[in-house]
Structures are given as structure tokens and as C-alpha cells.
Amino acid sequence: MNIYLKALLYLHDRIDLNKNRMLQTPIYLDNNATTPMDPRVLEEMLPYFNRSFGNAASRNHSFGWTAEEAVDIARERVAKLINASPKEIIFTSGATESDNLAIKGVFEMYAAKGNHVITVTTEHKAVLDSCKHIEKNGGRVTYLSPDSQGMITLDQIREAITPETILITIMYGNNEIGVLQDIPAIGKLARENNILFHTDATQAVGKIPVDVEADHIDLMSFSAHKMYGPKGVGALYVRRRNPRVKVTAQMDGGGHERGMRSGTLNVPGIVGFGKSCEIAMNEMAEESKKLSAMRDRLERELLTMEEAYVNGNPEHRLPHVTNISFKFVEGEGLMMGVKDIAVSSGSACTSASLEPSYVLKSLGLDDDLAHSSLRFGLGRFTTDEEIDFAIDHVKTAVNKLREMSPLWEMFKDGIDLKSVEWQEH
Amino acid sequence: MKSNLYRAYLDNAATTPMDERVIEAMTAVMRETFGNPSSTHSFGRNAKGVLETARKKISSLIGAESKEILFTSGGTEADNIAIRSSVRDLGIKHIITSPLEHKAVLSTAEEMDASGDASLHLVRVDNKGHIDYDHLSELATSYPGALISLMHANNEIGTLLDVDRVKEIAAANNCLFHCDTVQTMGHYPIDVKTFGADFLTCSAHKLSGPKGSGFLYIKNGLRIHPMITGGGQERNLRAGTENITGIVGLAKALELAYQELGEELKRISDFKQEMVSLLKTEIPGIEFNGDITANGALYTVLNCALPPTEKNALLLFQLDMAGVCVSGGSACNSGAAKGSHVLNAIGADPDRQAVRFSFGRFTTMADIRHAVDSLKVILKSETVQA
């Protein structure tokens, strides 16, 4: 059977499934780690696999031109979503590469101007590790600590600025707790001080309105697979005017992407990215309203339990995320107990190890409480029934674990656990 | 109008159409295994399983161990990692390469030289694109412990490297050997145990796989640090959520290529020889860039040097109008006004028009005939259309 026919049949099956499907477990509530692809995105990508499959850099034939045109359209769609111009979009293999290119690229390009970078301890590892890399290469980095709700203040940034500061890099929406920093004000502050401003907006773009002009952003990383697009494709926004920003390429080669990122363009991936941006643009307002209502209901219900706390500032938060700590529950037991929902206890990138989340620790949580936290990331395909199930499932698991916990018993008996002297065995 | 036109895609060295079986494997992953392989829940574990199965498949095809395969966003990134980490992490102070390399190697080596991190030494080449192996040996003797980076087959003219000689020279002088196998992986039965390189580069979209996916083979024991940092994926060698869809496509494409290698090699080699004789008969004065003997060049690439005529200026355009999709140089440089660095380096006659025909899994003899016929018609036509 023709591959297109098959794919389309699948797409229609899937759309139908979404309408009438029975509740299937496990329920996916980890949309901050990655999102399922929207069938409309896949449909847009398919022709570029084996019909319009050209290399966008081929200038001598129609296959090349068709591919180039598809990339141009996608670039416009991506740019439009963030109010940028298409020429300001550099396609990469994903947000991690974009973060690397922005931070290392600025550090190398502006070495003559200074060597100081300001960031925050709750950034994604892609930013923190890039900062560590520049420290090894003669750079100086200030890591600001957020308050207990994950927020940093303009004063903290102001105090950290030195004449050597070339870059402020602060994420738009946090991947673990969803906290939104005051990006427009930070951007303005950076601009006033003639310092470049980079933001990792991987979790925010496509979920809430992000406007590089209004937000005074000079460089911005984001990726397709966090917004129902394909894995392996992302972008770095690089401002072209007021000021014109340049980054040193981290990969050399054919000089693609205005010399900033060499390598044959991933045409189908880019087309998919463009489609995800277009869908986000059209549906964001409604979708975020729907998701925040679901998220609020989930949160409200879970907080009816004793000793459950929301991590991060509830006022400044992405609409689809909540991170909740359940006191007196053992972390590993919790993850095992909620196995019918797919959630994360830290960011996906560090969750392979059993280290407590450094983001939660930055907020002042102790190791135990950090371990007994769950991150819920709702998404486009989350349903009310799934939220009902999740509420019930988490409540049951937490209650069961607490029933078995001597600490919970002591707490219920009114014993102040801090005053207890533990005997070594 | 366009739909009636017979189109012969003969630019498979630039990129290839994906095989339907690859698309099927990928769409299955998109719908069933969308998880992030780093997530600990079942969606993540399933994705991790799919990822590692793909790695195992690829490594067994090329005789490597799973841990020797580092997935990248493509050939350019893999080339960059091989060269940059050799310099940064493996104490390489000298890079020996050729002026015929792909820009991903050449520009990176030049960048290392410009920054003062390593010195660049270019080995001499002859007018067929063969390396001067005596000169290579001299350079390696002068700079023992250097990195030798030479491509297995040239992407523009197809000339093949004598891998065994390079391997011996590298071993004798304690050099590391990086081989850019972007044009040959899946076209020849490469087994790392006999091949003898320390690094090999592969890109999926050159072998009917997806764009945006490739790998670097890194020989066991070479300890490098990541170029892209932040997340610990790929055993801490390359941060970023794994493109499992692309990786599954890569594994499937390589598997198919190895399965069908024998037949394809024979089929396409015959096409190429047939095309050479057709062109010699139909186009008086035609010459060829690079080595065109059966064992001297990649069987999927044929680079012609057409006699000087005023028609050459619009030749590629007219070929496209006639439904023949070819390239003048490599795709990566085809936007540049200056000529091909490869053709310049082998001293090709600048007055002759270079046309690269490159073949793939979906090339048919009808495509070849259509290309030769169209070329003949265009060159014989009285007027040049502006």
C-alpha cells in the first residue's frame, strides 16, 4: 500500500481515537519532557521524506528549490510565532544545541568586550553546562539564586552586572516548576546596560505569547518536540537589528544558516517545526485557557491532601505545569506508586540518576522533599477524564505510602520531627 | 506541465529520497514511541529501548561495539566532533588532511589552525584526486601523532582513498585516522575491525535515510568530551534529547543498505559504466573529472567535464528544464559563486563545465538514458535560450 495512504489512514484513526478513546494507562502527563507529535504536523512532513526530498542547498534543480522554499515557509512560520523576522531564525538540532551556540558563541564573539555572564542556578543543564564550559575557558559566571518560589529580582541582576558583563542568560519558563521570570523587564535592563540577553524559552514558546521585540530578547533557544513537533529540530533566534547580534559558529562546514550553523538542513523536521508553530499560533489562546483550567483543578484537588505544597510561584507560571511536593512520602515509593501516570520527579535530563532535583534544591527544599515531588506537565492531548484519573491515582498512592510511614504516624501524633534524636543503628 | 515532465534525479550525492521502509519505521516510532529516552516512566523506557536497539543494529552492521556509536545531527556535526575533540581532548597538535575534503572537515581544520590550537598540513593530490601517499607518509613522519583526516570517497568526483595505505601510514607514525565515510557508508561493506580508522562519519540522508541524523564511530578507548554540553545523553558525549525517530530511520536505512549492498553495487556500477560509454559516444570531446576506473572511484558518482562552449553558462538550468537534476559541485557549496574547491585543487580545466551525476537506490537505466539524451539535445541546439 502507498505509504501516504497508510499514513493518512493512521492519522484519521488517531483523530478518531482521540475523540472516543477509552482511558488508556499509563496516562502521559510529562509534556515538559517531550510531547507526542500532532498528526497535522506529521501530515505536513510526509511529502518531504520521499517526494520533495531535495537538499535545500542544491541550487541547480527543482528538488533543491522546492526544499528551500519549504524551509523558507517554515522559517516564516517560526519567526511569526515569536514576532521575529525570518532571517533571525537559525535552525539547529534542538534547544540544547541552541543554548550551546548562544552562550559559547557569544562568549567567543564578544571576547574583546568582556568575559562575564550572569545566569540563574535553576537554568536547564544545557545552559549551566555551557556556562561551566566558558568558565574553563577564562570566563566568569555569576549564578543568581532564586527565592523560595523560584523568582529572581531585577535588583539581583543589577547588582551582578559589571563592566565586563557581556551576556545575561535566564530562562523564560522553568522546565521543572514552570515559573516564569519577568522576561520583558530583564530584557529591558540588559538593553539599558548594553548587555546581550539570551533566554532559553523551550518550555514557553508555543504555550504562551513570546514576543522578542516586546521582551527585548537578543537570543532565544526553543525546540519543536516540546510543542508537538518532531525531535531533532530546534532554533536559535539571533537578533539582526538594534542591536545586530553575532555568534561564533560552533560547527564549521558548508556555511549554512548564514554561517552560524553548518550542516544539511533537516527539511522534513523544519517543515514539521513550522507547522507546529503555526498550530500553536492559532490555538494557543484557547489551549492555554483549557490547560490552565485542568491544571488548576488537578492542583486544587491534590492540595486538599494534608502536607502537600506547590513548588514555584503560582502567580507567574506556565499554564500547563504544576510541581507538587508530598511531605512524609518516600520518593522512590512515590514514583512506583503512581506508575499508571507518566510524570517526572525531576527534569527528564537528570532523572536517569537518583539525584534530587537541583532546581527544587535551589528553592530551599531538602533532599527528601525534593525526592517526593512530582512534576505534572499537561498537554494538547490531555483530557478531563485523564485528570480525574490522575487525581484519584495520586491521592491513593500518597495515602497508601503515608499509611506505611512511621514518620507520618509521628507527625499525626503531633511529634515535632525536628526535635527527635535519631539513634544510629 | 510539471507533472508531465519526466524527472531523472541524479543528485544522490547531495541527498537521497527516503526509502518507504524507512518512512514506515519512523512513522511507527512517531506514533508509538514518542517518549523522551531520559524519562524514567514507561514512555521514556520504551523510547530508550528503541534507541539502544537502533544503536546495536548499527554497531553490529559495521562490526563495532554499541558504545562506539555516537549519534549526531548529521555528517557535519560528526566531522566537527572528530576533529575538534581530537585537538581539544586527545592532545592533537597537527592535522593532516587534503584540499579535497568536504567543507565540514576542511573548514574545521582551518578553524583549528587559525585559532592556533593545531597546525594544518595539506597533503598533495594528483589530477585524478588521488592522495600522494609518499607525501602523506612524509607528513606523518614529520608530525608523528597527528590526526589524519581523509575522506573515503570524494563527494564531487568520487575518487576513492586507499584506506589500507593510510591505515599503515597512520599506524607507523602513531597517528589517529578519521575517515569521512559519508559517501561510502552503506555503499561498501565497511567493517571497523578491518577498516582501521579511529573515527568514521556517517549521515543518514545520503543512504535513503532521514535528514538530521547521523553518527560518529569513535574507536573504543578514545576518551573525548562533549562538544554540545548539558544533559548527559549519549553517555555524556552529546547533550540534547535524542532524535529517536531520526535514529531509527538511520538504523533502518543502514540495515537496508547492507542487505542490498551486493546487488546495488553491481547494478549501479553497470549503470555508471554504461553512462560513461554513452556519453563518450554521444558527446564529442567529453572528459571526466577524477578517476573513472571501476576500482578507483565511488560507483555512485560520475563527474563530467564538458568541452568549452557558450552553452555551458546555462547548462545546469537547461538540464533542470529537461527534467535532469544534477549538480555542478557539492550541494553545500553550490550557492557560492566561486568554483568548486575540489576541481580547483585537482587542476581541472576551468573552461570546461563540470556536471556531477550521482546515482542511488531509485536510479534506473531510463534515468541515465534520459540524462544523456537531454545533454545531447541541449549541446546540439542552435540557440541558447536566455
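**Student:** I would appreciate a short explanation of the sheet that holds strand E5 (residues 147-151) of chain B in the present structure.
**Tutor:** Strand pairing in a sheet is mediated by backbone hydrogen bonds. Such pairs are either parallel or antiparallel. All names here are of chain B. One open sheet holds the seven strands; their spatial order is E2-E8-E7-E6-E5-E3-E4, and the pairing between them is mixed. The sheet terminates laterally at strand E2 (69-72) and strand E4 (119-122), the two strands that pair on one side only. Going from strand to strand, the sheet's axes swing by 20° on average, the running direction of each strand aside. When strand E7 (residues 199-203) meets strand E8 (residues 214-218), the two strands line up antiparallel, connected through five bridges.

**Student:** For this particular structure, what's the right way to read the sheet that holds strand E12 (residues 353-358) of chain B?
**Tutor:** Residue and element names in this part refer to chain B. Read from one edge of the open sheet, three strands run E9-E10-E12, paired in antiparallel fashion. Each edge of the sheet is formed by a strand with only one pairing partner; in this case those strands are strand E9 (287-289) and E12. The sheet shows a mean angle of 35° between the axes of neighbouring strands, taken without regard to direction.

**Student:** Just to check I follow, could you spell out the confidence of the model for chain B for this structure?
**Tutor:** Low pLDDT marks regions whose predicted coordinates should not be analysed in detail. Residue and element names in this part refer to chain B. Averaged over every residue, the pLDDT of chain B is 94; the share at 70 or more is 95%. Predicted confidence for residues 333-337 stays below pLDDT 50, and this span has eight contacts to residues more than four positions away or in other chains. With a pTM of 0.93, the predicted complex shows an ipTM of 0.91.

**Student:** I tried to follow helix H13 (residues 384-403) of chain A on my own but got confused; where do I start?
**Tutor:** For H13 of chain A, spanning 20 residues, the distance from its first C-alpha to its last is 29 Å, which sits close to the expected 28 Å at 1.5 Å a residue. Listed in full, the buried residues belonging to H13 of chain A are Glu386, Ile387, Ala390, Ile391, His393, Val394, Ala397, Val398, Leu401 and Arg402 of chain A.

**Student:** Would you take a moment to explain the domain arrangement of chain B for this structure?
**Tutor:** Accessible area lost during the coming together of the parts is what is often quoted as the interface size. Residues and elements named next belong to chain B. Entries for chain B in the domain assignment read domain 1 (8-17 + 261-385) and domain 2 (20-259). Each of domain 1 and domain 2 has a C-alpha centre, and the two are 27 Å apart. Between domain 1 and domain 2, the residue contacts involve 31 residues of the former and 38 residues of the latter. Contact between domain 1 and domain 2 buries roughly 2,800 Å² in total, counting both sides, with carbon and sulfur atoms accounting for 51%. When residues of domain 1 are sorted by the area they lose upon contact with domain 2, Leu261, Leu298 and Arg361 head the list and together hold 24% of the total. Linking domain 1 with domain 2 are zero salt bridges, by the criterion used here. Counting the contacts that link domain 1 with domain 2 gives 19 residue pairs in polar contact (both at pLDDT 80 or more). When contributions to the side of domain 1 that touches domain 2 are tallied by element, the ones reaching two or more residues are helix H10 (261-282), strand E10 (301-306) and helix H12 (341-345).

**Student:** Would you explain the domain arrangement of chain A in this entry?
**Tutor:** Residue and element names in this part refer to chain A. Taken domain by domain, chain A comprises domain 1 (3-37 + 285-424) and domain 2 (40-279). On a C-alpha basis, the centroid separation for the pair domain 1 and domain 2 is 28 Å. Listed as interface residues are 40 residues of domain 1 and, on the opposing side, 41 residues of domain 2. Of the roughly 3,400 Å² buried where domain 1 meets domain 2, counting both sides, 59% is carbon and sulfur surface.

**Student:** Hey, could you run me through the packing of aromatic side chains in this one?
**Tutor:** Considering all chains together, one arrives at 13 aromatic pairs over all chains under this definition. Taking the centre distance of 5.3 Å and the plane angle of 45° together, the rings of Phe34 of chain B and Phe43 of chain B count as tilted. Judged by relative accessible area, which is 11%, Phe34 of chain B ranks as buried. Ring-pair connections join several aromatic residues into one group, and the members of that group are Tyr28 of chain A together with Phe34 and Phe43 of chain B. Over the ring of Trp408 of chain A we find Arg402 of chain A, and its NZ or CZ is 4.4 Å from the ring centre. The ring of Phe63 of chain A carries Arg7 of chain B above its face, with NZ or CZ at 4.1 Å from the centroid.

The rules we used
Residues numbered from 1 in each chain as written. Chains lettered and ligands numbered in written order. Predicted model: local features only at pLDDT ≥ 70, side-chain atom pairs only at ≥ 80, totals over all residues. Heavy atoms only, no water. Pairing = 2+ DSSP bridges. Helix = DSSP H or I, 4+ residues; strand = E, 2+ residues; numbered from the N terminus. Axes fitted to C-alpha atoms, helices over the stretch in contact; angles between N-to-C directions. pLDDT = per-residue confidence, 0-100. Contact = heavy atoms within 4.5 Å. Expected span 1.5 Å × (residues − 1). Buried < 20%, exposed > 50% of the residue type's maximum accessible area, 1.4 Å probe, protein only. Domains from an automatic or database assignment. Buried area = accessible area lost by both parts, 1.4 Å probe. Salt bridge = Lys/Arg side-chain N within 4 Å of Asp/Glu carboxyl O. Polar contact = N/O pair within 3.5 Å; in protein donor to acceptor, adjacent residues only side chain to side chain. Phe/Tyr/Trp six-rings, centres within 6.5 Å; stacked < 30°, edge-to-face > 60°. Lys NZ or Arg CZ within 6 Å of the ring centre and 35° of its normal.

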